Amino acid sequence: MTEEIQRDLGRVEGEMNALKDLLNEVRSDVKEIKAGFDHMRGGTNVLMGVSAIFGAAVSQVINYFLTHTR
């Protein structure tokens, strides 16, 4: 019976090591995904800033033509 328990403990230990390895892989994947989202969020901020500037410029041009062409 002791030999059977030792074998079961060895099997469980092997499974735990495999789960630890899998968890480390998942952690590294999550870090890569987070970095990608951070990069995308920075690009979105730049895009929003550029579009705000462009919208303000177009608004000023339209306002100029509406007030000076009458």
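These figures come from a predicted structure and were not determined experimentally. (Residues numbered from 1 in each chain as written. Predicted model: local features only at pLDDT ≥ 70, side-chain atom pairs only at ≥ 80, totals over all residues. Heavy atoms only, no water.)

## Examining the overall build of the chain
Rules: What counts as a helix is a DSSP run of H or I of at least four residues, what counts as a strand is a run of E of at least two, and both are numbered from the N terminus. To sort residues, take the accessible area from a 1.4 Å probe on protein chains only and compare it with the maximum for the residue type: under 20% means buried, over 50% means exposed, and anything in between is partly exposed. All accessible-area figures derive from a Shrake-Rupley calculation using a 1.4 Å probe, and residue coverage is judged against the displayed protein chains alone. Residues counted as positive are Lys and Arg, residues counted as negative are Asp and Glu, and His and the chain ends are not counted. To locate a charge, take atom NZ for lysine, CZ for arginine, CG for aspartate or CD for glutamate.
The helix and strand tally for the chain stands at one helix and zero strands. Per-residue burial for the chain yields a buried fraction of 0% across its 70 residues. As presented, the chain carries roughly 6,600 Å² of accessible surface, and 65% of it is formed by carbon and sulfur atoms. If the 8 positive side-chain charges of the chain are averaged to one point and the 10 negative ones to another, these points end up 16 Å apart.

## Regarding a nonpolar patch on the surface
Here is the rule we go by: Each patch is built from residues lacking any salt bridge and having more than 30% relative accessible area; the joining distance is 9 Å for like charges and 5 Å for nonpolar side chains (Val, Leu, Ile, Met, Phe, Trp, Tyr). Salt bridges are defined by distance alone: a side-chain nitrogen of Lys or Arg within 4 Å of a carboxyl oxygen of Asp or Glu.
On the surface, Val12, Met16, Leu19, Leu22, Val26 and Val30 cluster together into a nonpolar patch covering about 510 Å² of accessible area. Along the chain, Val12 falls in helix H1 (residues 2-68). For Val12, a relative accessible area of 36% puts it in the partly exposed group.

## Here we look at the pattern of salt bridges
The tally for this structure, following the rule as stated, stands at three salt bridges. Residue Arg11 is joined to Glu15 by a salt bridge in which the shortest nitrogen-to-oxygen separation is 3.2 Å. Here the residue Arg11 and the residue Glu15 both occupy positions in helix H1, the gap between them amounting to four residues, near one helical turn. Its salt-bridge partner being Asp38, residue Lys34 comes within 3.6 Å of it at the nearest N-O pair. Highlighted residues: Lys34 and Asp38, both in helix H1, separated by four residues, approximately one helical turn.

## What to know about the packing of aromatic side chains
Selection criterion: Think of it this way: a Phe, Tyr or Trp ring, Trp meaning its six-membered ring, pairs with another when their centres are within 6.5 Å, and the plane angle makes it stacked under 30 degrees, edge-to-face over 60, tilted otherwise.
Per the stated rule, a full pass over the model turns up one aromatic pair. Between Tyr64 and Phe65 the ring centres are 5.7 Å apart and the planes differ by 70°, which places this aromatic pair in the edge-to-face class. Overall, Tyr64 belongs to the partly exposed group, its relative accessible area being 47%.

## Focus: the environment of Ile53
Relative to the helices and strands, Ile53 resides in helix H1. Considering only alpha carbons, one finds Ile53 and Leu23, 30 residues apart in sequence, at a separation of 45 Å.

## Details of the environment of Glu3
Secondary-structure assignment places Glu3 in helix H1. In the structure, Glu3 is positioned 66 residues away from Thr69 in sequence and 98 Å away in space, judged by C-alpha atoms.

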